[in-house]
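# Overview (structure and organization)
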Amino acid sequence: MPEPLTLTVSLRGTREVGNDYQLFRLTGLLDAFSEATFRKAISQCIDEGPTNIILDLSKIDFVDSSGLGALVQLVKKAQTAEGTLQIVSNPRVTQTVKLVRLEQFLSLQPSVDAALEKIKST
């Protein structure tokens, strides 16, 4: 059952916890205004576990360099905790990520199902 995440006025989301993963479905803007709150909330959830994280950004309208920086930090945190972080993308997010050549590092996935399959295969 999804539980609401308290983030910012411009970034909202829900959290679902499965057996070996956490799924976050986010909408709005991942930018300098929301980045710190977003990073802190997801980081705390990684600490609580499970450490395999799926960020569904398919409904995100905008991501800036601050948001990309937060994503990089969260991937590193999940890896340190012996987990993974998968990002379900949309064309806008994918374009921004490709501009800075982070598509491999950020493990972009076309769907939540593809991200779940990736977790099962690791």
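Here the structure is a predicted model, which is why all the values come from computation and not from measurement.

### Brief notes about the UniProt feature "domain: STAS" (unreviewed entry) in the protein chain
- The feature "domain: STAS" (unreviewed entry), as given by UniProt, occupies residues 23-119 in the numbering adopted here.
- For residues 23-119, the helix share is 48%, the strand share is 26%, and the end-to-end C-alpha distance is 12 Å.

### Quick look at helix 2 (residues 65-80)
- Taking 1.5 Å per residue as the helical rise, helix 2 with its 16 residues ought to reach 22 Å, and the 23 Å between its terminal C-alpha atoms agrees with that figure.
- Among all positions in helix 2, only Gly67, Leu68, Ala70, Leu71, Val72, Leu74, Val75 and Ala78 are buried.
- Here the buried face of helix 2 lies against strand 3 (22-30), helix 1 (35-48), strand 4 (53-63), strand 5 (85-88) and helix 3 (91-99).
- One side-chain oxygen at the N-terminal end of helix 2 lies 3.0 Å from the backbone nitrogen of serine 66; it belongs to aspartate 64.
- Immediately beyond the C-terminal end of helix 2, within one or two residues, lies glutamate 82, with a positive phi of roughly 60°.

### Structural notes on the side chain of glutamine 22
- Turning to its location among the elements, glutamine 22 is positioned in strand 3.
- Residue classification places glutamine 22 among the buried residues on the basis of a relative accessible area of 0%.
- A polar contact of 2.8 Å, which involves the side chain of glutamine 22, links it to the side chain of arginine 15.
- Of note is the side chain of glutamine 22, whose polar atom sits 2.7 Å from the backbone oxygen of proline 50.
- Setting aside residues no more than four positions away along its own chain, glutamine 22 makes contact with Arg15, Glu16, Val17, Cys45, Ile46, Gly49, Pro50, Asn52, Ile53 and Ile54.

### Regarding the packing of helix 1 against helix 2
- Interhelical geometry of helix 1 versus helix 2 gives an angle of 10° and a closest axis separation of 10 Å. In terms of orientation, helix 1 and helix 2 fall into the roughly parallel class. You can see that helix 1 and helix 2 cross each other, and the crossing is right-handed. For the pair helix 1 and helix 2, the contacting residues are Glu35, Phe38, Arg39, Ile42, Ser43, Ile46 and Asp47 in the first and Ser66, Gly67, Ala70, Leu71, Gln73, Leu74, Lys77 and Ala78 in the second.

### A few points about the nonpolar core
- Formed by 28 residues in total, the largest nonpolar core has its most connected members in Leu26, Phe38, Leu55 and Leu71.
- Secondary-structure elements contributing two or more residues to this core are strand 3, helix 1, strand 4, helix 2, strand 5 and helix 3.
- Take this core: its biggest share by element is seven residues, from helix 2.

### Description of the environment of alanine 70
- In this structure, alanine 70 sits in helix 2.
- Under the relative-accessibility criterion, alanine 70 is labelled buried at 0%.
- On a C-alpha basis, the gap between alanine 70 and isoleucine 42 in space is 9.8 Å, while along the polypeptide they are 28 residues apart.
- When residues no more than four places from it in sequence are discounted, the contact partners of alanine 70 are Glu35, Phe38 and Arg39.

### Here's the deal with the sheet that holds strand 2 (residues 11-17)
- Taken in spatial order, the six strands make up an open sheet running 1-2-3-4-5-6, and their pairing is mixed. One side of each edge strand has no neighbouring strand; the edge strands of this open sheet are strand 1 (3-5) and strand 6 (108-109).
- With three bridges joining them, strand 1 and strand 2 adopt antiparallel strand pairing. When the bridges of strand 2 are listed, leucine 5 appears paired with glycine 13.
- On top of the sheet, helix 4 (residues 112-120) reaches strand 3, strand 4, strand 5 and strand 6; it is set at about 165° to strand 5, its chief contact.

About the cut-offs
Residues numbered from 1 in each chain as written. Predicted model: local features only at pLDDT ≥ 70, side-chain atom pairs only at ≥ 80, totals over all residues. Heavy atoms only, no water. UniProt positions renumbered as here; feature names shortened; annotations may be inferred. Helix = DSSP H or I, 4+ residues; strand = E, 2+ residues; numbered from the N terminus. Expected span 1.5 Å × (residues − 1). Buried < 20%, exposed > 50% of the residue type's maximum accessible area, 1.4 Å probe, protein only. Contact = heavy atoms within 4.5 Å. Polar contact = N/O pair within 3.5 Å; in protein donor to acceptor, adjacent residues only side chain to side chain. Axes fitted to C-alpha atoms, helices over the stretch in contact; angles between N-to-C directions. Parallel < 35°, antiparallel > 145°, perpendicular 65-115°, else oblique. Left-handed = near helix turned anticlockwise from the far one by under 90°. Core = buried A, V, L, I, M, F, W, Y, C linked by side-chain atoms within 4.5 Å. Pairing = 2+ DSSP bridges.

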